[in-house]
Amino acid sequence: MMDGLLLTACLFWGMSFVWSKQVTDLGMGPNAYLAIRYLAGAAILLPLFAKGLRGSQKRDLLLAVLIGVLVYLGMVAQMVGMRYTTAANSAFITAAYVALVPFVCWLMFRQRPNGRSLLAVALCLGGLYALNMGPDGLTFNRGNLITIICALCWSVQVPLMSYAGRTARTELLAIVPMATTGMLSLVTGLVRNEFTAAAAHFRPLLWPVLLSVLLPTLLSNTIQAYAQKHVPPTRAAIIYTTESMFACLLSVAMGMEKLTPQLALGGGLILGGVLLSELPVKRRFKE
C-alpha cells in the first residue's frame, strides 16, 4: 500500500515537470512560482495538521527546516535549468540523484556502497553524455548542467527525510519543509521583483500554478511525509525513478517534445543506472 502511495506521488510529480515548463516558458520567475506553490500548500495543510505540530522536538524541527532548504535549492535549480532544456531532459537528469543516494548514505551513515553502485553511476554519466551529445560532439547544455545541482540536493534530501521520519511526526515533515521552501522563495522573489512579471501573465499562469499547488505539492508532499516513514530509503528511491518516466511520457504525449533516439538512449541509461544502484533492496537504516 505504501509503495502504491509513493507511486501516485511520483505520477503527480511527473506532471509537475510539464506544468513547470509551461510556467517558465511564460516568463514567470522561479521564486514567484515556488512561493505561490509551496506557501499555498502549507496554508491549506496548517489548519488540518496544526494539532500534530504541538510538542515536536527541536531536533526534528531543525531537520524539517534543513529538508525545506534542500527542497528550495533543488527546485530553484530545476526551474532555472528548465529555461534552457526540455521537461524530459530535466526529469531524467533529476532522476540521476537516485544513483547518488548510496554514496550520500555512506557519507552520512557510514554505509559503504557496493560495486554495483559504481556501475550505476557510470551508466548515469553515460546517459548524461547521450543527452548532451550534439552534431559537433559533447556540448553540455546549460540547462542540463544547472539541473545537476537539483539532483545533488535531492540525493541528500531523500535519505534525510527517511532519517528524520524515524522520530519526527508526519505533520511536521509535511508542513515545515513546505513552509520553509515557500518563505525562502517569497523573500528571494520579492528581492528580485518576480511577482510583478507574474501578475502580467495571470490568466495563462492560473491553471498550471493551481494544479501544481494541489497535486504535486499539497498531495504528493503529504503522501511522501506519511508513506516514506514506512518504506526504506533505497526502495523509496527506486519508486521515485518512475517520476522521470511519467514526465517524459506526458511531455511527448502533449507534443512538447519528440521522442528522439538520443532522448530514449540517454533516459534509458539513466533509468537503468538508478534501478541497478538499488536492486535488490536492502535496508540501510535500523528501524
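Described below are features of the structure shown in this document. (Residues numbered from 1 in each chain as written. Predicted model: local features only at pLDDT ≥ 70, side-chain atom pairs only at ≥ 80, totals over all residues. Heavy atoms only, no water.)

1. Focus: the packing of helix α2 (residues 30-53) against helix α8 (residues 170-191)
Thinking step 1. Close contact between α2 and α8 brings their axes to 7 Å; oriented N to C, the two are set at 150 degrees. Pair α2 / α8 crosses with left-handed handedness. (Axes fitted to C-alpha atoms, helices over the stretch in contact; angles between N-to-C directions. Helix = DSSP H or I, 4+ residues; strand = E, 2+ residues; numbered from the N terminus. Left-handed = near helix turned anticlockwise from the far one by under 90°.)

2. Digging into unusual backbone geometry
Thinking step 1. A positive phi angle, close to 60 degrees, is found at asparagine 193, a residue other than glycine.
Thinking step 2. Checked against the element boundaries, asparagine 193 lands in the loop between α8 and α9 (194-200).

3. Some remarks on helix α10 (residues 202-227)
Thinking step 1. The terminal C-alpha atoms of α10 lie 35 Å apart, and with 26 residues this matches the ideal 38 Å at 1.5 Å per residue to within 8%.
Thinking step 2. The largest bend in α10 amounts to roughly 35 degrees and is located at serine 212, with the proline proline 216 lying one to four residues further along. (Expected span 1.5 Å × (residues − 1). Bend = angle between axes of the 7 residues up to and from the residue.)

4. A few points about the pattern of salt bridges
Thinking step 1. One pass over the full model with this rule turns up three salt bridges.
Thinking step 2. When the shortest N-O distance is used, the salt bridge between arginine 59 and aspartate 60 registers 3.2 Å.
Thinking step 3. Judged by its relative accessible area of 5%, aspartate 60 falls in the buried class.
Thinking step 4. Between arginine 192 and glutamate 194 there is a salt bridge; the shortest N-O distance is 3.0 Å.
Thinking step 5. The class of arginine 192 is exposed, set by a relative accessible area of 56%. (Salt bridge = Lys/Arg side-chain N within 4 Å of Asp/Glu carboxyl O. Buried < 20%, exposed > 50% of the residue type's maximum accessible area, 1.4 Å probe, protein only.)

5. With respect to a nonpolar patch on the surface
Thinking step 1. On the surface, a cluster of nonpolar side chains totalling about 580 Å² of accessible area is made up of Ile44, Phe202, Leu206, Trp207, Leu210 and Leu214.
Thinking step 2. The greatest single-element share of the nonpolar patch, amounting to five residues, is contributed by α10.
Thinking step 3. Following the sequence through the fold, isoleucine 44 ends up in helix α2.
Thinking step 4. Taking relative accessible area as the criterion, isoleucine 44 reaches 37% and is therefore assigned partly exposed. (Patch = residues over 30% accessible without salt bridge, like charges linked within 9 Å, V, L, I, M, F, W, Y side chains within 5 Å. Areas by Shrake-Rupley, 256 points an atom, 1.4 Å probe, with all protein chains shown as cover.)

6. Some thoughts on the packing of aromatic side chains
Thinking step 1. For the coordinates displayed, the defined rule picks out one aromatic pair.
Thinking step 2. Seen from their ring centres, phenylalanine 109 and tyrosine 163 are 5.3 Å apart, and the 40 degrees between their planes marks the pair as tilted. Residue phenylalanine 109 is located in helix α5 (residues 97-109), and its partner tyrosine 163 is located in helix α7 (residues 142-164); the two are separated by 54 residues in the primary sequence.
Thinking step 3. The exposure class assigned to tyrosine 163 is partly exposed, which follows from its relative accessible area of 23%.
Thinking step 4. Here the basic side chain of arginine 142 rests over the ring of tyrosine 84, its NZ or CZ set 4.4 Å away from the ring centre. (Phe/Tyr/Trp six-rings, centres within 6.5 Å; stacked < 30°, edge-to-face > 60°. Lys NZ or Arg CZ within 6 Å of the ring centre and 35° of its normal.)

7. Looking at the environment of arginine 59
Thinking step 1. Examined against the element boundaries, arginine 59 turns out to sit in helix α3 (residues 58-81).
Thinking step 2. Note on arginine 59: relative accessible area 39%, which makes it partly exposed.
Thinking step 3. Along the backbone, arginine 59 and threonine 180 are 121 residues apart, and their C-alpha atoms lie at a distance of 16 Å.
Thinking step 4. Polar side-chain contacts of arginine 59 include one of 3.0 Å to the side chain of tyrosine 163. (Polar contact = N/O pair within 3.5 Å; in protein donor to acceptor, adjacent residues only side chain to side chain.)

8. Some points on empty space enclosed by the protein
Thinking step 1. Per the counting criterion, the structure on display carries one cavity of 30 Å³ or more.
Thinking step 2. Quantified by volume, the largest cavity comes out at close to 320 Å³.
Thinking step 3. Lining the largest cavity we find 22 residues, and of these Trp13, Trp154, Gln157, Asn221 and Gln224 sit closest to its centre.
Thinking step 4. If you list the elements that add at least two residues to the lining of the largest cavity, you get α1 (2-25), α2, α3, α7, α8 and α10.
Thinking step 5. In terms of residues, the lining of the largest cavity owes the most to one element, α8, which gives five residues.
Thinking step 6. Class assignment of the residues belonging to the lining of the largest cavity gives a composition of 14 nonpolar, six polar and two charged. (1 Å grid on protein atoms, 1.4 Å probe; cavity = no way out; pocket = protein on both sides within 12 Å on 5 of 7 lines; lining within 4 Å. Points joined across faces, edges and corners; volume = space filled by probe spheres on them. Nonpolar A, V, L, I, M, F, W, Y, C, P; charged D, E, K, R; others polar.)

9. Brief notes about the side chain of threonine 217
Thinking step 1. Mapped onto the secondary structure, threonine 217 falls in helix α10.
Thinking step 2. Judged by its relative accessible area of 0%, threonine 217 is buried.
Thinking step 3. Excluding its chain neighbours within four sequence positions, the residues that come into contact with threonine 217 are Arg37, Tyr38, Met178, Ser212 and Thr222. (Contact = heavy atoms within 4.5 Å.)

10. What about the side chain of serine 251?
Thinking step 1. Within the secondary structure, serine 251 sits in helix α12 (residues 242-253).
Thinking step 2. Given the relative accessible area of 1%, serine 251 is considered buried.
Thinking step 3. Excluding its chain neighbours within four sequence positions, the residues that come into contact with serine 251 are Val18, Ala87, Met256 and Glu257.

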